[in-house]
Amino acid sequence: MWHKSESESVGPSCSSISMDCSADEAVFEFMRRFVSILFTDSLAITLELKHQFGQYARVGSGRMWFARFVSAQRTKTKRVSETTFYALIQYFAIVLFECKECEDFLPAKHIMSLCFTFYQEVEVPGCDPYREYLFNYLRDQPIWHTLRFWNAALFYALQKDRVPKTTSALSASANNEASRTMQSNAMEDAKDALLQRDEGKTQPSRSFSETSLTSSTSSSSSDTQHTNTTRSSDSLRLRNIRKINRSKSSTNAGGKDNSFDVDEKKLQDNTNTAFTQLGSLTCNMHAFGLNRDLCSDFLKKQCHILNMSKEQEKLLHDNVNRLYRETDPWREQVHK
């Protein structure tokens, strides 16, 4: 029902990392070079580099830059060589240990996603090769077995999904409304300009008529002047009415008449996002070998906090029960 969180980007989450001092620059440069060697020739990693990696893994920025540079490799390939595969297991385990000790859950969340991204192909005689992912070798990491990590992972996932969508939606709505208003105003101004031009043409002809036709009676001249004055007054009144209507239209467009519908849609989008993320995380919990009770407790608590509907909560619980029901017999045989 859900895809695992293998497509999440690590880049935006690293924007808060400071590069104001030489220490941060050293961490950045080391992790960039280390990850490059890791994916090109992992056997070339010396004992000195391993020691330096262990030191930088104790620093928050070091853990985050490592996760970011490893994530960037996904654009090149997700299939890695055997040596790189087992090297990733080793260095992921080091970083995850430090994340657990420091309760630094954000880099650990990104590494969790990467565990379902990189794989090696295993050759089997007489069969097609199959994919073996990193998570199979990182199930025993202690950080997966604490609810504090999963609560934080859900929080980060919801925060990442909500902020860009809300900002882009508001920006698009404002741009569309501004465009419609500008077009409406331009059309009205064009109409007013044409009306004023017509009046300008009428005024000279009226003056020419009054000066040339001196033999006309005073009553005819009076009637003509009255007619033109009435026409000018009507034109001015029409322009004022248009301006008032234009102002009302702009006020209603920027008002709160549709705020209820917008809030309802935003609430529904947030609920759907939470539903998807809960499904993804519970699948990952199962894949890491967590017991059913821990997964169910996490799901029950978060459904209550996020005000999930009874139907959505039932779908999530049913999926968790199906996952464990299908794999429990196999796991029991493995343990025996």
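Bear in mind the structure is a predicted one, so any value in this text is a computation, not a measurement.

Engineer: I'd like a description of the packing of aromatic side chains, backed by residues and values.
Structural biologist: This model, assessed by the stated rule, comprises 24 aromatic pairs. Summarising the aromatic geometry, the rings of F116 and F135 are spaced 4.7 Å apart at their centres and angled 25 degrees between planes, so their arrangement reads as stacked. On the criterion of sequence distance, the pair formed by F116 in the loop between helix 5 (105-115) and strand 1 (119-124) and F135 in the loop between strand 2 (127-133) and helix 6 (147-212) is long-range, its members being 19 residues apart. Accessibility classification places F116 together with F135 in one group, the buried group. Ring plane angle 75 degrees and centroid distance 5.0 Å describe the contact between F149 and W150, whose orientation is recorded as edge-to-face. Comparing F149 with W150 shows no difference in burial state: the two are buried. An aromatic cluster is built from F30, F34, F53, Y56, F66, Y91 and F92, whose rings are joined through pairwise contacts.

Engineer: Break down the packing of helix 4 (residues 82-102) against helix 5 for me, citing the residues and quoting the values.
Structural biologist: Where helix 4 contacts helix 5, the axes come no closer than 9 Å and their chain directions differ by 150 degrees. With respect to their mutual orientation, helix 4 and helix 5 come out roughly antiparallel. Considering the relative orientation of helix 4 and helix 5, their crossing is left-handed. Facing helix 4, whose interface residues are F92, V95, L96 and C99, helix 5 presents P107, A108, I111, L114 and C115. Looking at the contact of helix 4 with helix 5, its residues break down into nine nonpolar, no polar and no charged.

Engineer: If you had to explain the pattern of salt bridges to someone new, which residues and values would you point to?
Structural biologist: In the structure shown here, the tally under the stated rule is six salt bridges. Residue E121 pairs with R79 through a salt bridge whose shortest N-O separation is 3.5 Å. Linking E121 in strand 1 with R79 in the loop between helix 3 (60-72) and helix 4, this pair joins segments that are 42 residues apart in sequence. A relative accessible area of 30% places E121 in the partly exposed class. In this structure, E326 engages R322 in a salt bridge whose closest nitrogen and oxygen atoms are separated by 3.4 Å. Taken together, the residues E326 and R322, both in helix 10 (residues 310-335) and four residues apart, mark about one turn of the helix. A relative accessible area of 29% places R322 in the partly exposed class.

Engineer: Could you give me a rundown of the packing of helix 3 against helix 5, with the residues and numbers involved?
Structural biologist: Two elements in contact, helix 3 and helix 5, have axes separated by 9 Å at closest approach and are oriented at 25 degrees. What the angle tells us is that helix 3 and helix 5 run roughly parallel. Once helix 3 is placed against helix 5, the crossing between them reads as left-handed. Taken together, the residues of helix 5 that come into contact with helix 3 (itself represented by R63, M64, A67, V70 and S71) are L106, P107, H110, I111 and L114.

Engineer: Residues and numbers for the side chain of T327, please.
Structural biologist: With respect to the helices, strands and loops of the structure, T327 is situated in helix 10. In this structure the side chain of T327 is engaged in a polar contact, spanning 2.8 Å, whose partner is the side chain of H286. There is a polar contact of 2.9 Å between the side chain of T327 and the backbone oxygen of L323.

Engineer: Could you give me a rundown of helix 4, with the residues and numbers involved?
Structural biologist: A rise of 1.5 Å per residue sets the reference length of helix 4, with its 21 residues, at 30 Å; its end C-alpha atoms lie 31 Å apart and thus fit the reference within 8%. Of all the residues in helix 4, the buried ones are T84, F85, A87, L88, I89, Y91, F92, V95, L96, E98 and C99.

Engineer: Let's hear about the environment of Y137: which residues, and what values?
Structural biologist: Mapping Y137 onto the fold places it in the loop between strand 2 and helix 6. The contacts of Y137, once residues within four sequence positions are left out, are F85, Y86, I89 and E132. Of the polar contacts made by the side chain of Y137, one reaches the side chain of E132; its length is 2.7 Å.

Engineer: Tell me about the confidence of the model for the protein chain, residues and numbers included.
Structural biologist: The pLDDT averaged across the protein chain works out to 77; a share of 61% of its residues lies at or above 70. The spread of mean pLDDT over the elements of the protein chain runs between helix 7 (residues 218-253), the lowest at 52, and helix 4, the highest at 97. Contacts from residues 1-20, a stretch scored under 50 in pLDDT, to residues over four places away or in other chains number 50 contacts. Under a pLDDT of 50 for its full length, residues 164-171 has, in the predicted model, three contacts with residues more than four places off or in other chains.

Rules used throughout
- Residues numbered from 1 in each chain as written.
- Predicted model: local features only at pLDDT ≥ 70, side-chain atom pairs only at ≥ 80, totals over all residues.
- Heavy atoms only, no water.
- Phe/Tyr/Trp six-rings, centres within 6.5 Å; stacked < 30°, edge-to-face > 60°.
- Helix = DSSP H or I, 4+ residues; strand = E, 2+ residues; numbered from the N terminus.
- Buried < 20%, exposed > 50% of the residue type's maximum accessible area, 1.4 Å probe, protein only.
- Axes fitted to C-alpha atoms, helices over the stretch in contact; angles between N-to-C directions.
- Parallel < 35°, antiparallel > 145°, perpendicular 65-115°, else oblique.
- Left-handed = near helix turned anticlockwise from the far one by under 90°.
- Contact = heavy atoms within 4.5 Å.
- Nonpolar A, V, L, I, M, F, W, Y, C, P; charged D, E, K, R; others polar.
- Salt bridge = Lys/Arg side-chain N within 4 Å of Asp/Glu carboxyl O.
- Polar contact = N/O pair within 3.5 Å; in protein donor to acceptor, adjacent residues only side chain to side chain.
- Expected span 1.5 Å × (residues − 1).
- pLDDT = per-residue confidence, 0-100.

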